[in-house]
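# Structural characterization, general
One-letter residues, chain by chain:
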Amino acid sequence: MNAPARTGGRTGVADREDTARRLLRSSVDKSYDPSIDIDWEAPLVEGRYGVVPERVSLYGTSLWEGLTEEQRVTLSVHEFCSVARIGLWFEMILMQMLLRYAYDRDPRRPHIQYALVEIADECRHSMMFAKATERYGVPDYAPDRLTHELGRVMKTIGTGPAMFAGTLYVEEILDQLQREGMRDERVQPLSRMINKIHVTEEARHVRYAREELQRIMPKTNAAQRALARNETAAIAFVVARNLIHPGVYRSVGIEPAVGRRAARANPHHREMLRWSARKLVPFLREQGVIGGPSELLWKRAHLI
């Protein structure tokens, strides 16, 4: 029997190049082109939600109870596009970080070739999210100016453990929401197909990032671990706070500031955030990426 694969003195982590070869084969076997695989001209189905209704930020509040069924559907579509927009924002950041990562390394290696494949995937996903917002006919729920500029900093300096841990956070919370949404027949077929494509392809990205983080962390010193914790906590906090743009509430006649306060105070919404991160948090703790003073940001974002 072969001995377990070892990387950096740890068992259970496959060889970097072997993993990359498998991910490259999988990318050939199961990838999508949203421009072809989604019928963007198909009529939307009346009465279907953009997301699972129980995941709408106001679900369970008095504001939700005061909405008509049509308004609830409308709000869910706007929230789907808001989440897609923050996903698009982060994928643009990730693509630039991955390009910098690949720029300094040997492109003959499968590990780097897969990084280039992931960049191509993320480019298609960004186009898919943009076209979805256009098809649903909702505003561009771009992050606010401060968040936009913080993203500019992250894409410029982000590297090492925080690059992979931050990517895991964003991809895993989207994965949880989209896996649920793609199976729920109350959800608009367009949203379900977008969810299916993203879940299928992001599963490879998650594996790539998880294994790389497992290889990197044993080699870090105390200062590097502290930096990784702080940067990852900042990413998690900013993304969690920007998943739902306050402008979505205007679509159903609710003042943005009123809707945002209600959502942030909503126990159901807070529990949804913890639920979305429930599989990732134990893994990041195990890797030493959650802990110390920066854990306060995770708590303030209602992720733990």
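Below or above, wherever it landed, is the structure these notes cover. (Residues numbered from 1 in each chain as written. Predicted model: local features only at pLDDT ≥ 70, side-chain atom pairs only at ≥ 80, totals over all residues. Heavy atoms only, no water.)

## A word on the nonpolar core
Among the nonpolar cores identified, the biggest contains 86 residues, and Y169, I194, L213, L284, W298 and L303 are the most heavily contacted of them. Mapped by element, the contributors of at least two residues to this core are α1 (16-29), α4 (69-103), α5 (110-136), α7 (160-183), α8 (189-216), α9 (222-242), α11 (267-276) and α12 (280-286). If one sorts the elements of this core by residue count, α4 sits on top with 18 residues. If we skip the residues at most four places from it in the chain, L303 touches Y169, A236, A240, L273, R274, A277, V281 and W298. (Core = buried A, V, L, I, M, F, W, Y, C linked by side-chain atoms within 4.5 Å. Buried < 20%, exposed > 50% of the residue type's maximum accessible area, 1.4 Å probe, protein only. Helix = DSSP H or I, 4+ residues; strand = E, 2+ residues; numbered from the N terminus. Contact = heavy atoms within 4.5 Å.)

## Details of the layout of surface pockets
Empty space among the atoms becomes visible once a probe the size of a water molecule is rolled across them. If you add up the space inside the largest pocket, you get close to 410 Å³. When residues of the lining of the largest pocket are traced back to their parent elements, those giving at least two are α6 (145-157), α9, α10 (256-265) and α11. Broken down by element, the residue count for the lining of the largest pocket peaks at five residues, all from α9. When the residues that make up the lining of the largest pocket are grouped by side-chain class, the tally is 14 nonpolar, five polar and five charged. (1 Å grid on protein atoms, 1.4 Å probe; cavity = no way out; pocket = protein on both sides within 12 Å on 5 of 7 lines; lining within 4 Å. Points joined across faces, edges and corners; volume = space filled by probe spheres on them. Nonpolar A, V, L, I, M, F, W, Y, C, P; charged D, E, K, R; others polar.)

## Quick notes on the packing of aromatic side chains
Each pair of aromatic rings is reported with the distance of its centres and the angle of its planes. Considering all chains together, one arrives at seven aromatic pairs under this definition. Consider the rings of Y114 and Y208, whose centres lie 5.0 Å apart with planes at 55°: the pair is tilted. With a gap of 94 residues between them, Y114 in helix α5 and Y208 in helix α8 connect regions that are remote in the sequence. An identical accessibility class is assigned to Y114 and Y208; each is buried. Every member of this aromatic cluster is reached through a ring pair, and the members are Y101, Y114, F164 and Y208. A cation over a ring is seen here: K131 above W40, with NZ or CZ 5.3 Å from the ring centre. Over the ring of F283 we find R210; its NZ or CZ atom is 4.2 Å from the centre of that ring. (Phe/Tyr/Trp six-rings, centres within 6.5 Å; stacked < 30°, edge-to-face > 60°. Lys NZ or Arg CZ within 6 Å of the ring centre and 35° of its normal.)

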